[in-house]
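Listed below are the residues making up each chain.
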Amino acid sequence: METPNTPLYIRAALGEQTERPPIWVMRQAGRYLPEYREVRKQHSFLDMLNHPEVATEVTLQPIRRYGMDAAILFCDILVTAQVLGSKLDFVEKKGPVIANPIRSAADVANCQAAPVNEFLPYVFDAIKLIQKELRPKGVPLIGFAGAPFTVASYMIEGGSSKDLARSKGLIKESPEVMDALLDKLVAVTIDYLNAQIEAGVDALQLFDTWTNHLDLESFKRYSLDPIKRIIAGLNRPANVPITVFCKNMGVFAPLLVDCGANALSVDWGVSLRGVRDQIGSSIALQGNLDPQMLYTEDKVLEKAVISLLDSMKDQPGYIFNLGHGMSPDMEPEKLKLVVDLVHGYKR
Ligand code: CP3
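Computed from a predicted model, the values in this text were never measured in an experiment.

Calculation rules
Along each chain, residues carry numbers from 1 onward, in the same order as the chain's sequence is written. Local features in this predicted model are restricted to residues whose pLDDT is 70 or higher, and side-chain atom pairs enter the listing and the counts only when it is 80 or higher, whereas totals over whole chains, interfaces and linings include all residues. In computing side-chain properties, one takes all heavy atoms of the structure into account and sets aside hydrogens as well as water. Only protein chains enter the area calculation, which uses a 1.4 Å probe; residues under 20% of their type maximum are buried, those over 50% are exposed, and those in between are partly exposed. Helix and strand assignments come from DSSP, with helices taken as H or I runs of at least 4 residues and strands as E runs of at least 2, each series counted from the N terminus. Strand pairing requires that DSSP identify at least two bridges connecting the strands. Orienting the strands away from the viewer, one traces the path from the first strand over the helix to the second; a clockwise path indicates a right-handed crossover. Each reported salt bridge corresponds to a side-chain nitrogen of Lys or Arg within 4 Å of a carboxyl oxygen of Asp or Glu. In this tally, Asp and Glu contribute negative charge and Lys and Arg positive charge; neither His nor the terminal groups of the chain are included. By definition, residues are in contact when any of their heavy atoms lie within 4.5 Å. The criterion is simple. A nonpolar core is a set of buried Ala, Val, Leu, Ile, Met, Phe, Trp, Tyr and Cys residues joined through side-chain atoms within 4.5 Å. To be clear, the arc concerns the directions from the helix axis to the C-beta atoms. We call a residue near a molecule or strand when any one of its heavy atoms sits within 4 Å of it. Two N or O atoms count as a polar contact when they lie within 3.5 Å, although within protein this holds only if one can serve as hydrogen donor and the other as acceptor, and sequence-adjacent residues are included solely when both atoms are side-chain atoms. Methods summary: accessible areas were calculated by the Shrake-Rupley approach with a probe of 1.4 Å, and residue burial reflects only the protein chains presented. Angles shown run from 0 to 180 degrees and are taken between the N-to-C directions of axes, each axis being a line fitted to C-alpha atoms and, for helices, limited to the stretch in contact.

1. Here we look at the pairing of strand 8 (residues 284-289)
Stage number 1. The buried fraction of strand 8 amounts to six of the six residues, a majority that puts the element mostly inside the structure.
Stage number 2. Pairing of strand 7 (residues 263-266) with strand 8, which is carried by three bridges, proceeds in the parallel orientation. Bridging from a neighbouring strand, Ser-265 pairs with Gln-286 of strand 8.
Stage number 3. One crossover worth recording links strand 7 to the parallel strand 8 by way of helix 14 (residues 272-279), and it is right-handed.
Stage number 4. Note that strand 8 and strand 9 (residues 318-322) share five bridges and pair parallel. Looking at the pairing, Gln-286 lines up with Ile-319 of strand 9.
Stage number 5. Considered for its hand, the β-α-β crossover made up of strand 8, helix 15 (residues 298-311) and strand 9 is right-handed.

So, in C-alpha cells, the structure goes:
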C-alpha cells in the first residue's frame, strides 16, 4: 500500500490528491539536452539502448538537471517489433526504418516471437542499473511499451508515415490480418511488461501515439481492445500504476475509463479539466501542456502553465506533463521554467 514515503508521482497516478502535482515529461531524455547529444556522439541510437550503462546515464540526465518527479526508462516502443522479427534501423533525419515490412497474411504468419528475456536482456539490465541510482533518491522509474496499434503501424508502413495509408488500407481490406498481427503484439507486450515489472520498474505507460488516425469503431477494435487485453494480462502489484497515452483523447477518453488503467495521459488537443468533468475522477489524468508553448516567450509560457495548474487545483489524481513529447530544438531553460513553476505550486 501507499506509505508516507510513496513518491508523489505514484500517489497521484493511484488517484490521490497530492500537496502539489508531480511532473515529468515525455521524451525528457533526448536531443534537446546538450548532455544527451554529448553521449549520442559516441553511439548510434540503437547502440545506446543496447548498452545498459549508457541507457542508465541518459535516463538519469533529466533527473539530475531538473529534479523531475519520475524517470522514464530510456528505450523505444519499437523493440517489441524487433521481438517479432522486424529488421529495425534508425536513419539520421528520417527516424525508424523497417527493412521487412508486413504486407500480407503470410508476413504475419511468419512473425515468430523471440523470448523477451533472451532477446532484450539489456533492457532489464538497464532497469536494474537505473534503480540502483534512483531508489536511494526516492525517484520512481516508469517502464513502458508501445501499444499494439501504434507498433503495428510502424511494422506495416516500414517506418514513420504522415497518414498511415497502408495500415488503414489493411484495416479496410483485410481486418483479420490486422487482428492477427495485433494478437501477436498483445502477447509479446504482456511478456515484455511483466519482465519490466520483474526487473523492478515502479510504474508503466503504454504509448498509442497514432490513434488520431482511427475512427471510433476502428479505435475500439484495434486500439482499445488490445490495450484492455494487455492490462488484464499483467502480473502487477496494486502499487504499480499503469498509464495509457493516446492521441485524440477528447474523443477516446470516455471509452478508456474502464480499460483497467490507473491513469490516462491526455494529448494537448483538448481541455484537461473538460476531460475530468466529462469522465469523473475514477481514473487519474496526466498532461497536457501543448509542447509548442515551449517555443513561446517566458511570460506566455508561465501563464499557460499556471492556468493549467489552476484548472486542476482541486482535483485528485493529477500529474503534470506535456500533451506530447519534447522536440530536439527546444531550449532546456524553457523546460526548467515549467518544472520550477510546478514544483513551487501550492494547491
Ligand atoms: O525520454 C523518454 O520519453 C524515454 C524514451 C523514449 C523514446 N521514444 C526515446 C527516443 C520513449 C518513451 C519513446 C517512445 C516512442 N518512440 C514513441 C511514442 C511516444 C511519442 O513520442 O509519440 C514513438 C512513436 C517512438 C518511435 C520513434 N522513436 C520515432 C518516430 C523516432 C524518431 C523521432 C525523431 O525525432 O528522430 C524515435 C527515436 C527516438 N526515441 C529518439 C529518442 C530519444 C531520438 C533518437 C536519436 O536520434 O538520438
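We are not done yet, so read on.
2. Looking at the pattern of salt bridges
Stage number 1. The final tally for this structure, using the stated rule, is 17 salt bridges.
Stage number 2. Note that Glu-16 is salt-bridged to Arg-11, the shortest N-O span being 2.9 Å.
Stage number 3. Owing to a relative accessible area of 13%, Arg-11 belongs among the buried residues under this scheme.
Stage number 4. The partner of Glu-19 in a salt bridge is Arg-11, and the shortest N-O contact between them spans 2.8 Å.

3. Describing the side chain of Lys-247
Stage number 1. Tracing the backbone shows Lys-247 in the loop between strand 6 (242-246) and helix 13 (249-256).
Stage number 2. No salt bridge is formed by the buried Lys-247; its nearest oppositely charged neighbour, Asp-267, is found at 7.6 Å.
Stage number 3. If sequence neighbours within four positions are ignored, Lys-247 has contacts with Asp-208, Thr-209, Trp-210, Thr-211, Asn-212, Phe-252, Asp-267 and His-324.

4. Notes on the nonpolar core
Stage number 1. Of all hydrophobic cores here, the largest spans 128 residues; its most connected members are Leu-256, Leu-289, Phe-320 and Leu-335.
Stage number 2. By residue number, the principal contributor to this core is helix 11 (residues 175-199), which donates 13 residues.
Stage number 3. Those residues within four positions of Leu-335 in sequence are excluded, and the remaining contacts are Val-25, Tyr-32, Tyr-66, Met-68, Leu-294 and Met-326.

5. Topic: helix 10 (residues 165-173)
Stage number 1. Looking at helix 10, one finds that the buried residues are Ser-167, Leu-170 and Ile-171. In a view along the axis of helix 10, the buried residues occupy a sector of 100°, so they form one face of it. Exposed residues pointing more than 90 degrees away from the buried face of helix 10 are listed as Lys-172 and Glu-173.
Stage number 2. If you follow the buried residues of helix 10, they end up packed against helix 9 (148-157), helix 11 and helix 12 (216-232).

6. Brief notes about the site of the ligand
Stage number 1. Residues in close proximity to the ligand total 23 residues, the closest being Arg-31, Tyr-36, Arg-40, Asp-76 and His-324.
Stage number 2. The separation between an oxygen atom of the ligand and a polar main-chain atom of Arg-27 is 2.7 Å.
Stage number 3. The separation between an oxygen atom of the ligand and a polar side-chain atom of Arg-40 is 2.7 Å.
Stage number 4. Burial of the ligand by the protein chains amounts to 89% of its free accessible area of 890 Å².
Stage number 5. Those elements that place two or more of their residues in the shell around the ligand are helix 2 (34-40) and strand 3 (95-98).

7. Focus on the sheet that holds strand 1 (residues 71-72)
Stage number 1. Strand order in the open sheet formed by seven strands is 1-4-5-6-7-8-9, and the pairing between neighbours is parallel. Among the strands making up the open sheet, the edge pair consists of strand 1 and strand 9.
Stage number 2. The sheet contact formed by strand 5 (residues 203-208) and strand 6 spans five bridges and is parallel. Each bridged residue has a counterpart across the sheet, and for Gln-205 the counterpart in strand 6 is Thr-243.
Stage number 3. Sheet strands in contact with helix 14 are strand 7, strand 8 and strand 9, and its direction is about 155° off that of strand 8.

8. So, unusual backbone geometry
Stage number 1. The step from Gly-287 to Asn-288 runs through a cis peptide bond, and the omega angle for that step is -15°.
Stage number 2. Even without glycine at this site, Arg-27 takes up a positive phi of about 55°.
Stage number 3. Turning to its location among the elements, Arg-27 is positioned in the loop between helix 1 (8-13) and helix 2.
Stage number 4. The backbone of Asn-248 shows a phi angle near 75°, a positive value even though the residue is not glycine.
Stage number 5. The topology assignment puts Asn-248 in the loop between strand 6 and helix 13.
Stage number 6. According to the relative accessible area criterion, Asn-248 is partly exposed, its value standing at 29%.

Remember that the coordinates give geometry; whether it matters functionally is a separate question.
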